[in-house]
Amino acid sequence: MNHPLKGTKQTPEHIAKRVANYPKVRKLQDPKIKIERKVKITDAGCWQWVGAIFQKPTGSYGQLRVGRRGEAKVVRAHRYSYETYVGAIPQGLVLDHLCRNTLCVNPDHLEAVTQKVNMSRGRHATKSKCVNGHSYTASNTYFNSRGARECRTCRGIRYRKRKN
Ligand SMILES: [Zn+2]
Ligand SMILES: [Zn+2]
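Read on for an overview of the structure. (Residues numbered from 1 in each chain as written. Chains lettered and ligands numbered in written order. Predicted model: local features only at pLDDT ≥ 70, side-chain atom pairs only at ≥ 80, totals over all residues.)

## Thoughts on the overall build of the chain
From N to C terminus, the chain includes seven helices and nine strands. For the chain, buried positions account for 18% of its 164 residues. Put simply, of all contacts in the chain between residues at least 6 apart along the chain, 36% involve residues at least 24 apart. (Helix = DSSP H or I, 4+ residues; strand = E, 2+ residues; numbered from the N terminus. Buried ≥ 20, exposed ≤ 12 C-beta atoms within 10 Å, placed from the backbone. Contact = placed C-beta atoms within 7 Å.)

Rendered as structure tokens:
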């Protein structure tokens, strides 16, 4: 794959310069420009979406409006990025974030997989720490009534708070 943001050397300033140099019409229509002007490259190499966002149970995702006036539609940013830099997403497949950052639209961090694979890779299974940074060791982990993994340290803190 050969695209201008490959690697982490491109800074937001580089992108801003590139975007500024595009003729106005292309700026509005070029899919790559549409993407590149709305991302910030993180230390991990993620293209962090800084445009509009929508929430799903699985996380936050970027979205953007594409298409000409009158036939514009809102699409998911990571899907749009994959289709722009890699190609069509094969029928029946979903995109998995290899970096586990759902706001990332770096095509190198996206892989088209079956829904089944995506579920089995589920982000909870790969997280090694809870939201408060406690490690999910065997002794610090329990499964709640919904079968989801939870942190014992946090539960202890919650219980103590309730007593006070
Ligand atoms: Zn990423
Ligand atoms: Zn915790």
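## Notes on the sheet that holds strand S3 (residues 53–56)
Strand order in this open sheet of three strands is S3-S4-S5, and the pairing throughout is antiparallel. Each of the sheet's edge strands pairs with one partner strand only, and the pair in question is S3 and strand S5 (73–76). Across this sheet, the average inter-strand angle for adjacent strands is 40 degrees, counted without regard to direction. When strand S4 (residues 59–66) meets S5, the two strands line up antiparallel, connected through four bridges. From the neighbouring strand, Gln63 faces S5, where its bridge partner is Arg76. Each of S4 and S5 touches helix H4 (residues 77–85); the most contacted strand, S4, lies at about 60 degrees to it. (Pairing = 2+ DSSP bridges. Axes fitted to C-alpha atoms, helices over the stretch in contact; angles between N-to-C directions.)

## Side note on unusual backbone geometry
Phi is positive for Arg100, which is not a glycine, with a value near 65 degrees. Its location among the elements puts Arg100 in the loop between strand S6 (93–97) and strand S7 (110–114). Of the residues examined, Arg100 has 16 C-beta atoms within 10 Å and is grouped as partly exposed.

## Considerations on the pairing of S3
Across four bridges, S3 lies against S4 in antiparallel orientation. Counted as the bridge partner of Lys56 is Gly59 from S4. Between the end of S3 and the start of S4, which pair antiparallel, lie two residues.

## Notes on the nonpolar core
Where a protein is soluble and globular, its nonpolar side chains tend to be buried together. One finds Ile35, Val39, Ile41, Cys46, Trp47, Trp49, Tyr61, Ala77, Leu103, Cys104 and Val105 forming the largest nonpolar core, which totals eleven residues. Taken together, the elements giving at least two residues each to this core come down to strand S1 (39–41) and strand S2 (47–49). Every residue in contact with Tyr61, bar those within four places of it in the chain, is listed here: Ile53, Phe54, Lys56, Arg76, Ala77, His78, Thr102 and Leu103. (Core = buried A, V, L, I, M, F, W, Y, C linked by C-beta atoms within 7 Å.)

## A few points about the environment of Trp47
Checked against the element boundaries, Trp47 lands in strand S2. When the 28 C-beta atoms within 10 Å are taken as the criterion, Trp47 is described as buried. C-alpha of Trp47 to C-alpha of Cys104: the two residues are 57 residues apart in sequence and 5.0 Å apart in space.

## Observations regarding helix H7 (residues 152–163)
Between the first and last C-alpha of H7 there are 17 Å, a value that for twelve residues agrees with the 16 Å anticipated at 1.5 Å per step. The buried count for H7 comes to zero of twelve residues, which makes it a mostly uncovered element. (Expected span 1.5 Å × (residues − 1).)

## Quick notes on H4
One turn of an α-helix holds 3.6 residues; hence residues three or four places apart share an orientation. Those residues of H4 not exposed but buried are Ala77, His78, Ser81, Tyr82 and Tyr85. Seen end-on, H4 carries its buried residues on one side only, within an arc spanning 135 degrees. Packing partners of the buried residues in H4 comprise helix H3 (31–36), S2, S4, S5, S6 and S7. Trailing H4 by a residue or two, Gly87 shows a phi angle of about 145 degrees, which is positive. (Arc of directions from axis to C-beta.)

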